[in-house]
Amino acid sequence: MVEIKGLKDPSASEGYARWRDLVASAMPCVGVKSPQTVEEPIKRKRINNEEELRRQVEKLQIELSKSRKDKAMLEEMVLEGDKRRAFLDEQIQSRDARITKLELKLGEEKIVREESEKELGGMSLDWMQSCSELEAMEIDFNDCQRSAKYYQEKFA
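Residues numbered from 1 in each chain as written. Predicted model: local features only at pLDDT ≥ 70, side-chain atom pairs only at ≥ 80, totals over all residues. Heavy atoms only, no water.

1. Considering the overall build of the protein
Keep this limit in mind: To qualify as a helix, a DSSP run of H or I must reach at least 4 residues; to qualify as a strand, a run of E must reach at least 2; elements of each kind are numbered from the N terminus. Methods summary: accessible areas were calculated by the Shrake-Rupley approach with a probe of 1.4 Å, and residue burial reflects only the protein chains presented.
Helices and strands together make up the secondary structure of the protein, namely 2 helices and 2 strands. Along the protein, from the amino end to the carboxyl end, the secondary structure elements read β-β-α-α. For the protein, the accessible surface area stands at approximately 14,600 Å², while carbon and sulfur atoms represent 59% of it.

Okay, structure coming up:
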């Protein structure tokens, strides 16, 4: 028995027919066999090998078709992944653009706020000065009223 890739093949090895014929011709009581008998095991071996090869070819064709299907499926998955990646890239770019716009707007608003605070600070100083001047004018006015009363009383 000859083992071929883990399977037992019931036929003899290729060199067996020649070896058997040599042994048979060396033995005096056994006659040399005809060439037909020598070829018969080889044909049977070939048939077995051909059948085994056909089975192997069929298996390989089945595996090849499965591999092709798997490859097509993987290519579809890659295309789908590329589409998703492109979609996500677009979303990221649009969000980045929005963030950039908001950052610019925030910067402008900070500048306006700082200017407003400066103006408010200036207005506060102006208001405080105005209050001080008003108090001084009030004091002067009160002095003038007293003086006017004094001179009115004196004149009366």
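2. Overview of helix α1 (residues 16-26)
What counts here: Only protein chains enter the accessibility calculation, which uses a 1.4 Å probe. A residue is then buried if its area is under 20% of the maximum for its type, exposed if over 50%, and partly exposed in between. The reported arc concerns the directions from the helix axis to the C-beta atoms and nothing else.
All buried positions along α1 are accounted for by Ala17, Asp21 and Ala24. Viewed end-on, α1 has its buried residues packed into an arc of 65°, placing them on one side of the element. Facing away from the buried side of α1 by over 90 degrees, the exposed positions are Arg18, Trp19, Leu22 and Ala26.

3. Section: the pattern of salt bridges
As a reminder, the rule being used: Salt bridge criterion: a side-chain nitrogen from Lys or Arg within 4 Å of a carboxyl oxygen from Asp or Glu.
Taken as a whole and judged by the stated rule, the model has 6 salt bridges. Among the ionic pairs, Asp82 bridges to Arg85, the shortest N-O distance being 2.9 Å. With Asp82 and Arg85 both in helix α2 (residues 35-155) and 3 residues apart, this pair spans about one turn of that helix. Between Arg146 and Asp143 there is a salt bridge, and its shortest N-O distance comes to 3.1 Å. Of this pair, Arg146 and Asp143 both sit in helix α2, 3 residues apart, roughly one helical turn.

4. Here's the deal with the confidence of the model for the protein
For the record, the criterion: Here pLDDT means the predictor's own confidence in every residue, given as a number from 0 to 100.
On average, residues of the protein score 82 in pLDDT, and 79% of them are at 70 or above. At the low end of the mean pLDDT range in the protein sits strand β2 (residues 7-9), at 53; at the high end sits α2, at 88.

5. Quick notes on a nonpolar patch on the surface
The line we're drawing: Without a salt bridge and with relative accessible area above 30%, a residue can belong to a patch; like charges are then joined within 9 Å and nonpolar side chains (Val, Leu, Ile, Met, Phe, Trp, Tyr) within 5 Å.
A cluster of nonpolar side chains, Met73, Leu74 and Met77, forms an exposed patch at the surface whose accessible area comes to about 330 Å². Classification of Met77 as exposed rests on a relative accessible area of 53%.

6. So, the side chain of Glu52
How we decide: We define a polar contact as two N or O atoms separated by no more than 3.5 Å, with the added condition that, inside protein, one atom must be a possible hydrogen donor and the other a possible acceptor, whereas residues neighbouring each other in sequence contribute only through side-chain atom pairs.
Secondary-structure assignment places Glu52 in helix α2. One polar contact links Glu52 to Arg55, side chain to side chain, over a distance of 2.8 Å.

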